[in-house]
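Listed below, chain by chain, are the residues.
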Amino acid sequence: MKKLLSLILALALAASAAGCAAQPASGSASVSASAPSPSVSAPAAEKPTTDPSGAEVTIPDEIGSVVVLAPSIAETLVALGCGDLIVGYDAQSVGLEGLPEGVPTFDMMQPDMEQLAALKPDVLFVSNMTLYDQTNPYQQLMDLGVCVLCVPTADSIAAIQEDIAFIAAAMGKSAEGDALIVDMQAELDRIAAIGATVTDKKSVYFEISAAPSMYSFGSGVFLNEMIELIGAENVLADQEGWLPVEAETIVAANPDVILTNVNYIEDPVAEILGRSGWEGMSAVQNEQVFYIDNMASSLSNQNIVKALDQMAKAVYPELFSAE
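Residues numbered from 1 in each chain as written. Predicted model: local features only at pLDDT ≥ 70, side-chain atom pairs only at ≥ 80, totals over all residues. Heavy atoms only, no water.

(A) Region of interest: the overall build of the protein. Counting its regular elements, the protein contains 13 helices and 13 strands. Looking at the protein as a whole, 55% of its 323 residues are labelled buried. In the protein, 67% of the contacts between residues at least 6 apart in sequence involve partners at least 24 apart. When the accessible surface of the protein is totalled, it reaches about 13300 Å², and 50% of it is carbon and sulfur. (Helix = DSSP H or I, 4+ residues; strand = E, 2+ residues; numbered from the N terminus. Buried < 20%, exposed > 50% of the residue type's maximum accessible area, 1.4 Å probe, protein only. Contact = heavy atoms within 4.5 Å. Areas by Shrake-Rupley, 256 points an atom, 1.4 Å probe, with all protein chains shown as cover.)

(B) Focus on the sheet that holds strand 7 (residues 147-150). The strand order across the open sheet built from 5 strands is 5-4-3-6-7, with neighbouring strands paired in parallel fashion. At either margin of the open sheet sits one strand with a lone partner, and together these are strand 5 (105-106) and strand 7. As paired strands, strand 4 (residues 86-90) and strand 5 are joined by 2 bridges and run parallel to one another. Bridge pairing in strand 5 places aspartate 90 opposite phenylalanine 106. Along the sheet face, helix 2 (residues 71-79) touches strand 3 (66-68), strand 4 and strand 6 (123-126) and points at about 140° away from the line of strand 3. (Pairing = 2+ DSSP bridges. Axes fitted to C-alpha atoms, helices over the stretch in contact; angles between N-to-C directions.)

(C) Focus on the pattern of salt bridges. Going through the model one piece at a time under the given rule, you end up with 6 salt bridges. The shortest N-O distance in the salt bridge between glutamate 176 and lysine 173 comes to 3.9 Å. Of the charged contacts in the structure, one is a salt bridge between arginine 190 and aspartate 309, with a shortest N-O distance of 3.3 Å. On the criterion of sequence distance, the pair formed by arginine 190 in helix 6 (residues 174-195) and aspartate 309 in helix 12 (residues 304-315) is long-range, its members being 119 residues apart. On the basis of relative accessibility, which here comes to 17%, the residue aspartate 309 falls in the buried class. (Salt bridge = Lys/Arg side-chain N within 4 Å of Asp/Glu carboxyl O.)

(D) Just unusual backbone geometry, in detail. A cis geometry characterises the amide bond from alanine 211 onward to proline 212, with omega recorded as 10°. If you check the backbone angles, asparagine 254 has positive phi at about 50° while not being a glycine. By secondary structure assignment, the location of asparagine 254 is in the loop between helix 8 (247-253) and strand 12 (257-260). Here glutamate 287, not a glycine, exhibits a phi torsion of approximately 55°, which is positive. If you trace the backbone, glutamate 287 turns up in the loop between helix 10 (282-285) and strand 13 (289-291).

(E) Representation of the packing of aromatic side chains within the structure. In this structure the tally under the stated criterion is 3 aromatic pairs. Seen in terms of ring centroids, tyrosine 205 and tryptophan 278 are 6.1 Å apart; in terms of plane orientation they differ by 65°. Their pairing is edge-to-face. Separated by 73 residues along the polypeptide, tyrosine 205 in strand 8 (residues 203-207) and tryptophan 278 in the loop between helix 9 (268-273) and helix 10 bring together distant segments of the chain. Taking relative accessible area as the criterion, tyrosine 205 reaches 0% and is therefore assigned buried. (Phe/Tyr/Trp six-rings, centres within 6.5 Å; stacked < 30°, edge-to-face > 60°.)

(F) Fine view of the pairing of strand 12. Burial of the side chains of strand 12 extends over both faces: Val257 and Leu259 are buried on one face and Ile258 and Thr260 on the other. Sheet analysis places strand 8 next to strand 12, joined by 4 bridges and oriented parallel. Bridging from a neighbouring strand, tyrosine 205 pairs with isoleucine 258 of strand 12.

What follows is the structure in structure tokens.
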């Protein structure tokens, strides 16, 4: 699916937004309603009282139905064993493994509030990609008793793990969340230990949007952390956040390796290798250009370790491929 352009736009919007619309505590309480079975429940004392955006929330003890408007959160819900509770999700998530078929889908950027209200889920998960520039756009749903939980796009690996823990606690699945984080951390530690042995660090350019509208990232982004974990250096690390990129900047940086997760052109690796003006770069001359799974590297959840493994093997095959 050709999802990357929408995800890039969402990432850029998320970077410019402080968080989700404010949600007053009085409007966040969710009323238990007739809902599909099975449901998950946990004592109220174990449920978080604020969401990652900082809003005060009252999460229902029993959750029988969920709508999720962010692919990263959808994948985490499925990994926690909550896929059968999802009664609607965003169009970007269509095709993700474990999500139910035949349920309503929504525009992540401008969801149909009337359709959401008709579903009346116990919980609605959103990120700061959804209607980020409007004040409390979910009041209509909250008035109906829907608990709206905002999980802003994480900018670090630690924040990703905190978000997993929050989603798990909200759903009464803390044990499952802990297990996800433990497995994720074990893979991070394994790769970091090998990366720490690298003394002659390679330089890397990671492209998330192709020419002529190139896009990448500097420091303060979880993907930059991932480059550092494998023992490499991001050629744009002296800049901050998600970045539009000039071709001349990359030519001047002359990276040793180029990674791309562009998935909306037929062969992004071949396009870079044949890009006019780049033929003199080391990565192009040595054919050190590699594709990294788009979804694993785009979505801020437990699956980033899949992309991390691919990045490690691409940049340092002699260290990581023989394992």
